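Now for the letters of each chain:
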Amino acid sequence: MTRVRRGALLLLAAVLFWGAAGQAQAVGYRYWSFWERDGDGWTYATEGPSTARPADGAVQGFRFAVSEDSADATRPRGTARFAAICAQTPEREGRKRVALVLDFGTAADAPGDETPPPARTACAAVAPDATTAEALAAVAGPLRYDANALLCAIAGYPRTGCGEQVAATGEKPTTPAQQPAATGGGGPSIGLWAGAAAVVLLGTAAFWQARRRRDG
């Protein structure tokens, strides 16, 4: 293998390494996760609050935090008993009661200069066919949604932002709309850099092949 070819291969390896390192900087997204109480634990909800229709006596929770995905999401804190949360909300005919746990997260997860409010619970008395979003709106407004119906704020928190990506090195967060679809993060994708390196490698090989023919 010639010195030039070895150099080209080293260039390709370096580009792939630094591209992967750049991708590894992103640690997650800052958002409200949605949970359902299952016995003594929390289960990540399988549908959004705008379509979920909890039964009377259900306990549901929301947690604001930075998480990579549903497997990494942070659960609401504290105990969550329907009897305790809805003790002061009497039963009414034609209404159902839904207990809600609202955990606004920690200062470390708060965006910008905002301070998370204390965690709290609420009991929503709503129509029998009401969704979780409707129950939430009844006791924890104002709510804020983005154009894709993603829940961005509960009780006005946070004031701005919605599912923005958080960088590990304290870099400026980017919103999903700013991220290239193929990479899930800011900057050129690994594929783009690898393609560029491959062009350099092929061009170098072609040059030396042509030179060998000419010299021969």
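Residues numbered from 1 in each chain as written. Predicted model: local features only at pLDDT ≥ 70, side-chain atom pairs only at ≥ 80, totals over all residues. Heavy atoms only, no water.

A. Main features of the pattern of salt bridges. For the structure on display, the rule yields 7 salt bridges. Of the charged contacts in the structure, one is a salt bridge between Asp40 and Arg81, with a shortest N-O distance of 2.9 Å. Taken together, the residues span a long stretch of sequence, with Asp40 in the loop between β1 (26–38) and β2 (41–44) and Arg81 in the loop between β3 (59–67) and α2 (82–85) at a distance of 41 residues. Between Asp103 and Arg63 there is a salt bridge; the shortest N-O distance is 3.5 Å. Of this pair, Asp103 sits in strand β4 (residues 96–103) while Arg63 sits in strand β3, and the two are 40 residues apart along the sequence. Here Asp103 and Arg63 have matching classes, each one buried. (Salt bridge = Lys/Arg side-chain N within 4 Å of Asp/Glu carboxyl O. Helix = DSSP H or I, 4+ residues; strand = E, 2+ residues; numbered from the N terminus. Buried < 20%, exposed > 50% of the residue type's maximum accessible area, 1.4 Å probe, protein only.)

B. Inspection of the nonpolar core at higher detail. One finds Trp32, Phe62, Leu100, Leu102, Leu136 and Ile154 to be the most contacted residues of the largest nonpolar core, which totals 20 residues. The element that contributes the greatest number of residues to this core is β4, accounting for 3 residues. Discounting residues that sit within four places of it in the chain, Ile154 has contacts with Trp32, Phe62, Leu102, Phe104, Leu136, Ala140, Pro142 and Leu143. Counting 12 residues, the second-largest nonpolar core is a separate cluster that includes Ala73, Ala80, Val101 and Cys123. (Core = buried A, V, L, I, M, F, W, Y, C linked by side-chain atoms within 4.5 Å. Contact = heavy atoms within 4.5 Å.)

C. Up close: the state of the cysteines. Across all of its chains, the model carries 2 disulfides by this definition. The disulfide partner of Cys86 is Cys123, and the gap between their sulfur atoms is 2.0 Å. Here Cys86 and Cys123 share a disulfide; its torsion about the S-S bond, 100°, makes the bridge right-handed. Placement of Cys86 in the loop between α2 and β4 and of Cys123 in strand β5 (residues 120–126) is noted, with a sequence separation of 37 residues between them. Looking at Cys123, the relative accessible area reads 14%, which means it is buried. Cysteines bonded in the chain are numbered consecutively along the chain; their disulfide partners then correspond to 1-2, 3-4. (Disulfide = S-S within 2.5 Å.)

It is worth stressing that arrangement in space is one thing and function is another; only the former is reported here.
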